Amino acid sequence: MSTGTVRVRTSAPAERIYRALTTAGDLRVWLAEHAQVDLEGGEYEFWGRYTPEGERGRQKLLGFDDRSVRYSWFLYGTEYTVELGIEERDGETVIAATQSPYPEWGDGKDESEILLTFWPLVLGNLVEHVEGRPVLGFCDFTSPEQRFEFDIAATPAAIIEALTEPALFARWFGARMEIEPHVGGRWAMGSLAEEENPAKVIALDEANLALEFPGGMVTSWEMKGSEGKTRLTFVQSGFDTANPPYGPWMGWLSGFADLRRMLELPGWRPMWHSFDIPGVPDGVLVLE
């Protein structure tokens, strides 16, 4: 049985992290719309719009200690085991989300893409929350609309550079990409040499970037700057609204918290500590 782990680093103390992992009020900020927690009574559930198959709680508490909580999660017809824990690695405090079974990277299943991108998104929210910053946001699984707006204390030019300069992109997103930075150029996650069906750049200027993927889906970033801040509008369109691509959507959103942190925080380091994910091609994920 495969097991996968996503780890993020944080400057927050372990006591604050543990409270965020085990308190219903905290879970409602970084993880889910609704949550109920009573560790001594054997209860640990979350549900709502921001949770896959979130019409009800599908979790059962399996155990906890002063560093972690472990539960089962019945999702898409499979019983998963999840552990959220605090680790000390190389002098750093690390938050780890471990799940078993873990989907194989690139298996083409919608539910696999959701499971692969859900944890990076909510862990990004968690790091922001325990460090006293506003969380980035969530994916609404009850809506086919995929439009997200947030503010960054940076210029549009700085954001465009972060989106189109491969080395810079890899630092905040945690994965490599290659781009031919002009309208009509190619774009690929990983390597253009290895991507048989790259996306195409259909817009690129000082305040806009748009990519068209095979199948017609368009992903776009639109920026409006004012007084040292930029409102970034991120949109996915051109997909079958009866089957919204929530997994790719969350994949993009999962990086935006660190994009904002990179451009706003002095002495920033990427939150991404390590990924242990089955089937990831060599050279795709990037760790500092």
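Structure first, text after, so check above.
Residues numbered from 1 in each chain as written. Predicted model: local features only at pLDDT ≥ 70, side-chain atom pairs only at ≥ 80, totals over all residues. Heavy atoms only, no water.

A. Just the overall build of the protein chain, in detail. If you tally the helices and strands in the protein chain, you get 6 helices and 15 strands. In terms of overall size, the protein chain behaves like a compact globule, its C-alpha atoms giving a radius of gyration of 19 Å where 288 residues would be expected to give roughly 19 Å. For the protein chain, the C-alpha atoms occupy an extent of roughly 60 × 40 × 35 Å along the three principal directions. Buried residues in the protein chain amount to 54% of all 288 residues. For the protein chain, long-range pairs separated by at least 24 residues make up 51% of all intrachain contacts whose partners lie at least 6 apart in sequence. Carbon together with sulfur atoms contributes 47% to the accessible area of the protein chain, which is approximately 12,600 Å² in total. In the protein chain, the 25 positive side-chain charges and the 46 negative ones have mean positions that sit 4 Å from each other. (Helix = DSSP H or I, 4+ residues; strand = E, 2+ residues; numbered from the N terminus. Rg over C-alpha atoms; globule rule 2.2 N^0.38 Å. Buried < 20%, exposed > 50% of the residue type's maximum accessible area, 1.4 Å probe, protein only. Contact = heavy atoms within 4.5 Å. Areas by Shrake-Rupley, 256 points an atom, 1.4 Å probe, with all protein chains shown as cover. Lys, Arg positive; Asp, Glu negative; His and termini not counted. Charge placed at Lys NZ, Arg CZ, Asp CG, Glu CD.)

B. Representation of the environment of Gly-137. Its place among the elements puts Gly-137 in the loop between helix H3 (110–130) and strand S8 (147–152). Between the C-alpha atom of Gly-137 and that of Leu-84, which follows or precedes it by 53 residues, the distance is 20 Å. Beyond its immediate chain neighbours, meaning those up to four positions away, Gly-137 contacts Leu-121, Asn-125 and Phe-148.

C. Representation of unusual backbone geometry within the structure. Following Ser-100, the chain continues into Pro-101 via a peptide bond in cis, with omega recorded as -5°. Its identity is not glycine, yet Tyr-76 carries a phi of approximately 55°, on the positive side. Assignment of secondary structure puts Tyr-76 in the loop between strand S5 (68–75) and strand S6 (78–89). Backbone geometry at Asp-90 places phi at a positive 55°, although glycine is not the residue there. The residue Asp-90 is located in the loop between S6 and strand S7 (92–100) in this model.

D. Inspection of the environment of Ala-153 at higher detail. As for its placement among the helices and strands, Ala-153 is situated in the loop between S8 and helix H4 (156–164). For Ala-153, a relative accessible area of 36% gives the class partly exposed. Sequence spacing of Ala-153 and Gly-225 is 72 residues, and the spatial spacing of their C-alpha atoms is 9.3 Å. Dropping the residues within four chain positions of it, Ala-153 is found in contact with Gly-228, Lys-229, Leu-263 and Glu-264.

E. Representation of the sheet that holds strand S1 (residues 4–10) in the model. Reading across from one edge, S4-S5-S6-S7-S1-S15 is the order of the 6 strands in this open sheet, with antiparallel pairing throughout. If you trace the sheet from one side to the other, it starts and ends with strand S4 (59–64) and strand S15 (272–276), each paired once. Each adjacent strand pair in this sheet contributes to an overall mean axis angle of 15°, direction not counted. Where S6 lies against S7, 9 bridges are found, and the strand directions are antiparallel. Bridge assignment links Ile-86 to a residue of S7, and that residue is Ile-95. Sheet contacts for H3: S1, S5, S6, S7 and S15; angle to S1, the most-contacted strand, approximately 20°. (Pairing = 2+ DSSP bridges. Axes fitted to C-alpha atoms, helices over the stretch in contact; angles between N-to-C directions.)

F. Region of interest: a negative patch on the surface. On the surface, Glu-104, Asp-107, Asp-110, Glu-111 and Glu-113 cluster together into a negatively charged patch. On the accessibility criterion, Glu-113 (33% relative accessible area) is partly exposed. (Patch = residues over 30% accessible without salt bridge, like charges linked within 9 Å, V, L, I, M, F, W, Y side chains within 5 Å. Salt bridge = Lys/Arg side-chain N within 4 Å of Asp/Glu carboxyl O.)

G. A look at the side chain of Ser-68. Within the fold, Ser-68 resides in strand S5. Accessibility expressed as a relative area gives 11% for Ser-68, which makes it buried. Apart from residues no more than four positions distant in its own chain, Ser-68 is found in contact with Tyr-18, Glu-83, Leu-84 and Gly-85.

H. Spotlight on helix H1 (residues 14–22). Counting buried positions over the 9 residues of H1 gives 7, a clear majority of the element. Every buried residue belonging to H1 is among Ala-14, Arg-16, Ile-17, Tyr-18, Ala-20, Leu-21 and Thr-22, and all of these are buried.

I. Structural view of the sheet that holds strand S10 (residues 186–189). Here 7 strands make up an open sheet; going across it, the order is S8-S14-S13-S12-S11-S10-S9 and the pairing antiparallel. Looking at strand neighbours, the two that pair on one side only are S8 and strand S9 (177–179), the edges of this open sheet. Within this sheet the neighbouring strands show an average axis-to-axis angle of 20°, counted without direction. With 6 bridges connecting them, S8 and strand S14 (residues 229–237) associate as antiparallel partners. Paired with Arg-147 across the strands is Val-235, a residue of S14. Along the sheet face, H4 touches S8, S9, strand S11 (199–205), strand S12 (208–212), strand S13 (218–226) and S14 and points at about 155° away from the line of S13.

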